[in-house]
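Reading the structure
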Amino acid sequence: MFSDIGALELVTLIVLAVLVFGPDKLPKVVQDVSRFIRKIREFSDSAKEDIRTELGPDFKDFEFEDLNPKTFIRKQLDGNEDLSELKDLRSTFDLRKEMNDVADAVNGRESAPAAAPAAVNGSAPDLLKKQDKPAEPERPPYDSDAT
């Protein structure tokens, strides 16, 4: 829950708590907060058990963490052996290099030649060249009776 709090932040929170509540009331406040957190955990655990019993025996191994889309997709992809093409594609894609190339193009700097996919005629497309506007289609004649 608090895995991203460092030592400096923890010391700052403790000093702030001592200043706000005072050294006399701080132990009582800590007890109240810990009791409140314990009650919330008990409530959530009992709610999870109620849901599991209502779902029936088919869902006895159901984990609520599986409802997170990332976890669900990760489990589905890890169990599937037919994804070698996807893993090969993922290993060849370098997001940092792509972002650096885009930043260089935006800032007008020359970047190292990238292994871009070949176009139909065999040469790589020039992404920095301004594209021609497509011709605007003709407007249909206006019919006042139809509107």
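Residues numbered from 1 in each chain as written. Predicted model: local features only at pLDDT ≥ 70, side-chain atom pairs only at ≥ 80, totals over all residues. Heavy atoms only, no water.

Points about the overall build of the protein chain
- Helix and strand content of the protein chain: 4 helices and 0 strands.
- The secondary structure elements of the protein chain, listed N-terminal to C-terminal, are α-α-α-α.
- Evaluated residue by residue, the protein chain yields a buried proportion of 6% over its 147 residues.
- When the accessible surface of the protein chain is split by element, carbon and sulfur atoms take 59% of a total near 14,400 Å². (Helix = DSSP H or I, 4+ residues; strand = E, 2+ residues; numbered from the N terminus. Buried < 20%, exposed > 50% of the residue type's maximum accessible area, 1.4 Å probe, protein only. Areas by Shrake-Rupley, 256 points an atom, 1.4 Å probe, with all protein chains shown as cover.)

Some words on the layout of surface pockets
- The calculated volume of the second largest pocket comes to roughly 430 Å³.
- Taken together, 12 residues make up the lining of the second largest pocket; nearest its centre are Leu10, Leu13, Ala17, Val30 and Val33.
- Across the lining of the second largest pocket, the residue classes break down as 12 nonpolar, no polar and no charged. (1 Å grid on protein atoms, 1.4 Å probe; cavity = no way out; pocket = protein on both sides within 12 Å on 5 of 7 lines; lining within 4 Å. Points joined across faces, edges and corners; volume = space filled by probe spheres on them. Nonpolar A, V, L, I, M, F, W, Y, C, P; charged D, E, K, R; others polar.)

What to know about helix 1 (residues 7-55)
- For helix 1, built from 49 residues, the straight-helix expectation of 72 Å at 1.5 Å per residue is missed by more than 12%, its first-to-last C-alpha distance being only 43 Å.
- Of all the bends in helix 1, the greatest reaches close to 100° and is centred on glycine 22; the proline proline 23 follows between one and four positions later. (Expected span 1.5 Å × (residues − 1). Bend = angle between axes of the 7 residues up to and from the residue.)

Observations concerning the pattern of salt bridges
- Inspection of every chain in the model, using the stated rule, returns 4 salt bridges.
- Across the salt bridge formed by aspartate 32 and lysine 28, the nearest N and O atoms sit 3.3 Å from each other. Here lysine 28 and aspartate 32 lie together in helix 1, a separation of 4 residues that amounts to about one turn.
- For aspartate 32, a relative accessible area of 32% puts it in the partly exposed group. (Salt bridge = Lys/Arg side-chain N within 4 Å of Asp/Glu carboxyl O.)

Looking at the confidence of the model for the protein chain
- For the protein chain, per-residue confidence averages 78 on the pLDDT scale, and residues scoring 70 or more make up 76% of the total.
- Low pLDDT (under 50) marks residues 114-120, which in the prediction has 7 contacts with non-local residues, meaning those over four places away or in another chain. (pLDDT = per-residue confidence, 0-100. Contact = heavy atoms within 4.5 Å.)

Considering a nonpolar patch on the surface
- On the surface, a nonpolar cluster with roughly 690 Å² of combined accessible area is contributed by Ile5, Leu10, Leu13, Ile14, Leu16, Val18, Val20 and Phe21.
- By secondary structure assignment, the location of valine 20 is in helix 1. (Patch = residues over 30% accessible without salt bridge, like charges linked within 9 Å, V, L, I, M, F, W, Y side chains within 5 Å.)

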